[in-house]
Amino acid sequence: MPRPLIVLATLLGLILAAPIHAAEPHRDTEHMRVYSIEGDFEWYREALEMAIVDRGIVINNVAHIGAMLARTGADVGGEALFKHAQALEFCSAGLSRQMMETDPHNIVFCPYVVAVYETVDEPGVIHLGYRRPALLEDADARQALQAVEDLLDEIVREALTF
């Protein structure tokens, strides 16, 4: 076997032999779900963006929360909280329409936001999380909002596997 093929076969074997762990939330409450993984912030930030845009979803805004807090820290006081912190905002046209057709007031659940951050206290630990939409009593609204949460969870889990 030619040397490049041996190297490729070896790399493929290492990838296939690597343990695959199902991501479990680090923090899971009624209001938020946060996953944590050791790694590089830029790597997981890019993975999060790819997990969103690969679904054909456009990112409307990137909030540079860590930079804003660093910039305003001297004015409002307090110590640095984050090494890096961003929030990506987006919507799924299909899920948003479905959600709002059940009740136009569900517009308050848009846009969807997924945060990716690294705290000063835990350098090298990257957190990806989102606000969980409130599951309302109406069965149709509940189903539509659960679909939004499922999408957010799938996006974050996918980003964790890159």
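Reading the values: rules and limits
Residues numbered from 1 in each chain as written. Predicted model: local features only at pLDDT ≥ 70, side-chain atom pairs only at ≥ 80, totals over all residues. Heavy atoms only, no water. Helix = DSSP H or I, 4+ residues; strand = E, 2+ residues; numbered from the N terminus. Expected span 1.5 Å × (residues − 1). Contact = heavy atoms within 4.5 Å. Polar contact = N/O pair within 3.5 Å; in protein donor to acceptor, adjacent residues only side chain to side chain. Salt bridge = Lys/Arg side-chain N within 4 Å of Asp/Glu carboxyl O. Buried < 20%, exposed > 50% of the residue type's maximum accessible area, 1.4 Å probe, protein only. Core = buried A, V, L, I, M, F, W, Y, C linked by side-chain atoms within 4.5 Å.

Asker: Help me understand helix α2 (residues 41-53) in this model?
Answerer: One turn of the α-helix equals 3.6 residues, which is why residues spaced by three or four share an orientation. With 13 residues, α2 should cover 18 Å at 1.5 Å per step; its first-to-last C-alpha distance of 18 Å lies within 8% of that length. Contacts from the buried residues of α2 go to β2 (32-38), β3 (59-63), β4 (82-90), β5 (112-119), β6 (125-131) and α5 (139-160). Sitting at the head of α2, D40 places a side-chain oxygen 3.3 Å from the backbone nitrogen of E42.

Asker: Even after reading the chapter, I still don't get the pattern of salt bridges, so can you show me in this structure?
Answerer: When the charged atoms of two side chains with opposite charge come close together, those side chains can pair. Evaluation of the coordinates by the stated rule reveals 10 salt bridges. When the shortest N-O distance is used, the salt bridge between R33 and D153 registers 3.4 Å. Pair noted here: R33 is in strand β2 and D153 is in helix α5, with a separation of 120 residues, a long-range link. Accessibility classification places R33 together with D153 in one group, the buried group. Between R132 and E149 there is a salt bridge, and its shortest N-O distance comes to 2.6 Å. Of this pair, R132 sits in the loop between β6 and α5 while E149 sits in helix α5; the two residues are 17 residues apart in sequence, bridging distant segments of the chain. Judged by relative accessible area, R132 falls into the partly exposed class, the value being 22%. For E149, a relative accessible area of 3% gives the class buried. If you follow the salt bridges from partner to partner, you end up with D28, R33, R132, E149, D153 and R157 in one network.

Asker: Help me understand the nonpolar core, please; the structure alone is not making it clear to me.
Answerer: Nonpolar side chains in soluble globular proteins tend to be buried together. Counting 28 residues, the largest nonpolar core has L48, F90, Y112 and L128 as the members making the most contacts within it. Elements that contribute at least two residues to this core include exactly α2, β4, α4 (93-102), β5, β6 and α5. No other element matches the 9 residues that α5 contributes to this core. Residues in contact with F90, not counting those within four places in the same chain, are I52, I57, V58, I59, N60, P111, Y112, V114, L152 and I155.

Without other data, these values stay purely geometric and don't point to any function.
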